[in-house]
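# Structural description and commentary
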Amino acid sequence: MCSLVTEPKDMLPYISLMLPEVKKVLADPIPEVRAVAARALGSLIRGMGEENFPDLVPWLLETLKSDNSNVERSGAAQGLSEVLAALGREHFELVLPDILRNCSHQKASVRDGHLTLFKYFPRSLGPTFQNYLPRVLPAILDGLADENESVRDAALSAGHVLVEHYATTSLPLLLPAVEDGIFNDNWRIRQSSVELLGDLLFKVAGTSGKAILEGGSDDEGASTEAQGRAIIDVLGREKRNEVLAAVYMVRSDVSLTVRQAALHVWKTIVANTPKTLKEIMPVLMNTLISSLASASSERRQVAGRALGELVRKLGERVLPSIIPILAQGLQDSNGSRRQGVCIGLSEVMASAGKHQLVTFMGDLIPTIRTALCDSVSEVREAAGLAFSTLYKSAGMQAIDEIVPTLLHALEDEETSATALDGLKQILSVRTAAVLPHILPKLVHPPLSAFNAHALGALADVAGPGLDSHLGTVLPPLIEAMGNDDQEVATLAKKAAETVVMVIDEEGLYSLIAELLKSLGDTQASVRRGSAYLSGFFFKNSKLDLLDESPNLVTTLIVMLTDPDSATVQSSWEALGCVIGSLPKDILPTYVKVVRDAVSTARDKERRKRKGGPILIPGFCLPKALQPVLPVFLQGLMSGSAELREQAAEGLGELIDVTSENALRPFVVPITGPLIRIIGDRFPWQVKSAILSTLGILISKGGIALKPFLPQLQTTFIKCLQDNTRVVRSSSALALGKLSALSTRVDPLVNDLLSNLQVASEIGVKEAILVALQGVSKYAGKSITASVINRVLVVLQDLVQSEDDQIRSSAARAMGIVSQYVEDTELASLLHALSVPASSESLAVRHGTILALSSVFRHGASHVCGSSAFPTVVDCLKSRLNDDKVPVRETATKALGCLLVYQAQSHYSGTYNFSELLPFLSSSLRDDASDVRRRALGGLKSVAKVNAITVISYLPTLGPAIAECLRDASTPVRLAAERCALHVFQLTKGMENVQAAQKYITGLDARRIAKQPELSDSSEDDMVGA
């Protein structure tokens, strides 16, 4: 009816009635009805003009955006296409930009409606529309990837219609767009593009493409030779090859739907697959290589699968074509394509059988070898993977023909960097197989800077693969760390750091064994390098190293005595790293480890020094105790009672081997915890250990302990009252040393005297007396005369005590104090000790002679110059004839002390050496063995300080000594041997040995002469007794 319009004015009265009905029919569910309605609108516009339908185009455009249903939007699209066709080209070009813009609208319904328009434009506009294809195709391709299914369907339908209408006339426009879509990253675009390409090819070939293809064989398809020629005629052979190569590749797509679509297209248009592949092989390989080098991982995967499938299915038929193409591809100037070649080689070798590749080894190995030295790192990486695949087939042949070439290239400055990276790549994929061939070459001495760098770089890649090669790699690197060439040393150090850090738990035992072995090397530089590496490893490693730490701690502490100072420094730093890597709560368990190691180091240093104070060099460095101190402090603060004792003792031993300067910064951190612990209720063993350590600390720390003086003094005095003898003794000794730091000693002495007078227990009294000795010894000059007199009064009573220990301790204290009294007081004291009372008991006789002996020892010069000296000598003579052995023995000891002083100072006053020596000689024949032994000791001491003086008395002394050498008492015989050694000067030459034979047998003389001259212990020596 609409088509019958000839005169517009005839229809005008009916437009208001007709148009609503046409619009209603335009939304009909039946497509054919909608098509008729659309054409009716077109006829109306064409016959009556746009001016009679001012609202029609806006209404159609609005309906395209409707959310209601696809049917309404489809009807509106079809109607609009007819209306725009009727309105002419100019109007269409005005509307097209809005249509294209709405194809990417945020609402799916809007995108759907506008894309549907392109389905109808080819029918309504005819050939005219193909001029707009370049602008329209991108919108359709974007629609193919839309997230909304109806939009994707609309775009695909539009694409099918475009292909249907313009396949032959606009092929150059359609084909590139569709080809690009095949390689799109979005699988939906790939699927739609394949389908559209199929439509194009079907149209060109003159087939429907609707044949149902069954069976799995690719060799035969549904196409005919004629259809194939038709495609070639239309597309040209080159374009046809490109298109078929793309289709063949996406047959291996990661998406199932894409694979199915591509397979359908391939089988429909390819009659003979093997023949076609042979024809398109160069183009196909070019496509695959480009895709293998693509930035898209999916595209690389698809190309790899396609190449693999090609080789698997048609192996021997295609390999002769594929491999030369790939080998040639490595000459391409494009690095990405060379990378693709390497990936392609990997796929080919992985898919082909071992027997198939044997023929092509001559091409494959040189190709991969060249690629491993490529200037582009991505190519080398891909070549490394290709090498791994080649190794599976060629085995050792691959290594023998590739690795030596790379190693040789390392020596050339121009190729060394790329060759090294090539080695890294093959090492990353075949570590176990390749390492044994690379390492011997690189570690060959002398180690060059580049080889050191190469070892570090390869170690980083080899990782745990180095576990079994540590013995080959690490020693040369450690040795090179001490190289005179700074560059070599630096690179070797960096490489060694890399090696130790890549080791895993399985290689840990081997690594520690190598480090320990190098720590014991004869070269200082090796020991130094190993120490540094040990510290670096423990500081930076994430492995569990608790089981390995004790060995390293022990070794590094012992190395603190190393003769090389730089090694000592390195060992100290490493020790800090090792102990620093341990959890704080584990540290107390290392107390014994550290203590034993310090003991071993001390013994080693003692053997080295042969006398003098023993200091460990590593503990004389600045901040020397920093590494090990936390171990002892943690043990002291948080361990069990036994562990606290061990920690305190170990701390004392550590302080003992530390220099005063090095100790000074640590005095406060050490002393505070010791005072806190000793104040708590811990067993006596802990207190004893702490007191002993505090005593050592006072001796070494000196003035640095001044802030703790009041606390320490209070602590020591309190410990003098302890129930345990060891605690009392230790505190007494420590208090004596501490007094040297005090400026006011009188209050301390008065406290001790007060405690002494009120003490009821013998042990406590003895401890206070020992403390009094110490205070007098270290701070006697600071005690005022009045306090000294008070001390002497108390001591005079105590030397007459019935208890042996009290008498002995009081006598020793008196001897020390006597050094600080005036001459008149001394004379009075000596007189009081020498003049016998009317009824003297043994205790009194013994106590007074003990006191005199002590006074002789500490102040013989004062005694000899005193007015009371004759009285003292008379007393001494009397005591030498006492009926009690202890009195005679002590008197002999006192006489020995006096004679030692006179021989040493050449005293010539009354009761001089010549007058007193006969009394000592008489004691050599005393009935008591203790007296004889003491006399021998005194005579030996005299001979040691002045042998010439004794020689003139040999006629008297010689026979007596000879008798003692035959004495029944073993202690006497031993003492006689030591006495004879010094009196006869047997170590000074054979003439003395011969002269001695006048008194003793030649056998005895020669035997005694072999004894060491300086082996006397202090307790056998009268001077030190």
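So, here's what we can say about the structure.

Parameters and conventions
Residues numbered from 1 in each chain as written. Predicted model: local features only at pLDDT ≥ 70, side-chain atom pairs only at ≥ 80, totals over all residues. Heavy atoms only, no water. Helix = DSSP H or I, 4+ residues; strand = E, 2+ residues; numbered from the N terminus. Buried < 20%, exposed > 50% of the residue type's maximum accessible area, 1.4 Å probe, protein only. Contact = heavy atoms within 4.5 Å. Areas by Shrake-Rupley, 256 points an atom, 1.4 Å probe, with all protein chains shown as cover. Salt bridge = Lys/Arg side-chain N within 4 Å of Asp/Glu carboxyl O. Arc of directions from axis to C-beta. Phe/Tyr/Trp six-rings, centres within 6.5 Å; stacked < 30°, edge-to-face > 60°. 1 Å grid on protein atoms, 1.4 Å probe; cavity = no way out; pocket = protein on both sides within 12 Å on 5 of 7 lines; lining within 4 Å. Points joined across faces, edges and corners; volume = space filled by probe spheres on them. Nonpolar A, V, L, I, M, F, W, Y, C, P; charged D, E, K, R; others polar. Core = buried A, V, L, I, M, F, W, Y, C linked by side-chain atoms within 4.5 Å. Patch = residues over 30% accessible without salt bridge, like charges linked within 9 Å, V, L, I, M, F, W, Y side chains within 5 Å. Lys, Arg positive; Asp, Glu negative; His and termini not counted. Charge placed at Lys NZ, Arg CZ, Asp CG, Glu CD. Axes fitted to C-alpha atoms, helices over the stretch in contact; angles between N-to-C directions. Left-handed = near helix turned anticlockwise from the far one by under 90°. Parallel < 35°, antiparallel > 145°, perpendicular 65-115°, else oblique.

## Comments concerning the overall build of the protein
Of the regular secondary structure elements, the protein holds 52 helices and 0 strands. Among the 1025 residues that make up the protein, the fraction classed as buried is 55%. In the protein, of all internal contacts separated by at least 6 residues, the share reaching a separation of at least 24 is 71%. By element, 51% of the accessible surface of the protein is carried by carbon and sulfur atoms, the whole surface being about 44,100 Å².

## What to know about the environment of isoleucine 690
Relative to the elements of secondary structure, isoleucine 690 occurs in helix α35 (residues 684-701). By relative accessible area, which is 0% here, isoleucine 690 ends up buried. Residues isoleucine 690 and arginine 644 lie 46 residues apart in sequence; the distance between their C-alpha atoms is 9.0 Å. Once you skip the residues sitting within four places of it in the chain, isoleucine 690 turns out to touch Ala648, Leu674, Ile677 and Ile678.

## Quick look at the pattern of salt bridges
The final tally for this structure, using the stated rule, is 18 salt bridges. A salt bridge links arginine 101 to aspartate 98; the shortest N-O distance between them is 2.0 Å. Here the residue arginine 101 and the residue aspartate 98 both occupy positions in helix α5 (residues 89-102), the gap between them amounting to 3 residues, near one helical turn. Given a relative accessible area of 53%, arginine 101 falls into the exposed group. A relative accessible area of 36% means that aspartate 98 is categorised as partly exposed. A salt bridge links arginine 925 to glutamate 963, with the shortest nitrogen-to-oxygen separation between them at 3.3 Å. In this pair, arginine 925 sits in the loop between α46 (913-923) and α47 (929-945) while glutamate 963 sits in helix α49 (residues 954-965), placing the two residues 38 residues apart along the sequence. The exposure class assigned to glutamate 963 is partly exposed, which follows from its relative accessible area of 38%.

## A word on helix α3 (residues 56-64)
Residues Leu56, Val57, Leu60, Thr63 and Leu64 constitute the buried set of α3. Buried residues in α3, looked at end-on, bunch into an arc of 125°, giving them a common side.

## Quick word on the packing of aromatic side chains
In this structure the tally under the stated criterion is 4 aromatic pairs. Aromatic pair phenylalanine 537 and phenylalanine 538: ring centres 5.8 Å apart, planes at 85°, arrangement edge-to-face. On the accessibility criterion, phenylalanine 537 (1% relative accessible area) is buried.

## Regarding the layout of surface pockets
Rolled over the atoms, a probe as big as a water molecule pinpoints where empty space is left. By volume, the largest pocket is sized at about 810 Å³. Along the wall of the largest pocket there are 33 residues; nearest its centre are Gln773, Ser808, Arg812, Arg857 and Lys893. Among the residues forming the lining of the largest pocket, the class breakdown is 11 nonpolar, 14 polar and 8 charged.

## Details of the nonpolar core
Grouped together as the largest cluster of nonpolar side chains are 204 residues, with contacts concentrated most on Phe619, Ile670, Leu939 and Phe984. Once you skip the residues sitting within four places of it in the chain, isoleucine 670 turns out to touch Leu625, Leu629, Leu651, Ile655, Leu663 and Leu697. By size, the runner-up hydrophobic cluster in this structure holds 107 residues, among which are Ile45, Leu60, Leu117 and Ala246.

## Comments concerning helix α52 (residues 1002-1009)
Note that an α-helix has 3.6 residues per turn; residues three or four places apart therefore point the same way. What α52 keeps buried is the set Gly1002, Asp1004, Ala1005 and Ile1008. Projected down its long axis, α52 shows its buried positions confined to an angular sector of 165°, all on one face. Buried positions along α52 lie against α49, α50 (970-983) and α51 (990-996).

## A closer look at unusual backbone geometry
Backbone geometry at lysine 623 places phi at a positive 55°, although glycine is not the residue there. The backbone of glutamine 985 shows a phi angle near 55°, a positive value even though the residue is not glycine. With respect to the secondary-structure elements, glutamine 985 resides in the loop between α50 and α51. Assessed through its relative accessible area of 16%, glutamine 985 is described here as buried.

## A closer look at a negative patch on the surface
A grouping of Glu505, Glu506, Asp544 and Asp547 is seen on the molecular surface, where their side chains present a negatively charged patch. In this fold, glutamate 506 is placed in helix α26 (residues 505-519).

## Here's the deal with the packing of helix α31 (residues 629-638) against helix α32 (residues 641-656)
It is the contact of α31 with α32, at a shortest axis distance of 7 Å, that shows an interaxial angle of 145°. Two packed elements cross with a definite hand, and for α31 against α32 that hand is left-handed. For the pair formed by α31 and α32, the contact residues are Leu629, Phe632, Gly635, Leu636, Met637 and Ser638 on the first element and Leu643, Arg644, Ala647, Ala648, Gly650, Leu651 and Leu654 on the second. For the contact of α31 with α32, the per-class residue count stands at 9 nonpolar, 3 polar and 1 charged.

## What about the packing of helix α25 (residues 486-502) against helix α27 (residues 524-540)?
Where α25 contacts α27, the two axes come as close as 10 Å, and the packing angle between them is 45°. The orientation of α25 with respect to α27, classified from their angle, is oblique. Crossing hand, α25 versus α27: right-handed. In this structure, α25 uses Lys493, Ala496, Glu497, Val500 and Met501 to contact α27, whose residues at the interface are Tyr532, Leu533, Phe536, Phe537 and Asn540. Partitioning the contact of α25 with α27 into residue classes produces 7 nonpolar, 1 polar and 2 charged.

## Looking at the side chain of serine 530
By the element assignment, serine 530 lies in helix α27. Accessibility expressed as a relative area gives 0% for serine 530, which makes it buried. Not counting residues within four places of it along the chain, the set of residues in contact with serine 530 comprises Ile478, Leu515, Ser518 and Leu519.

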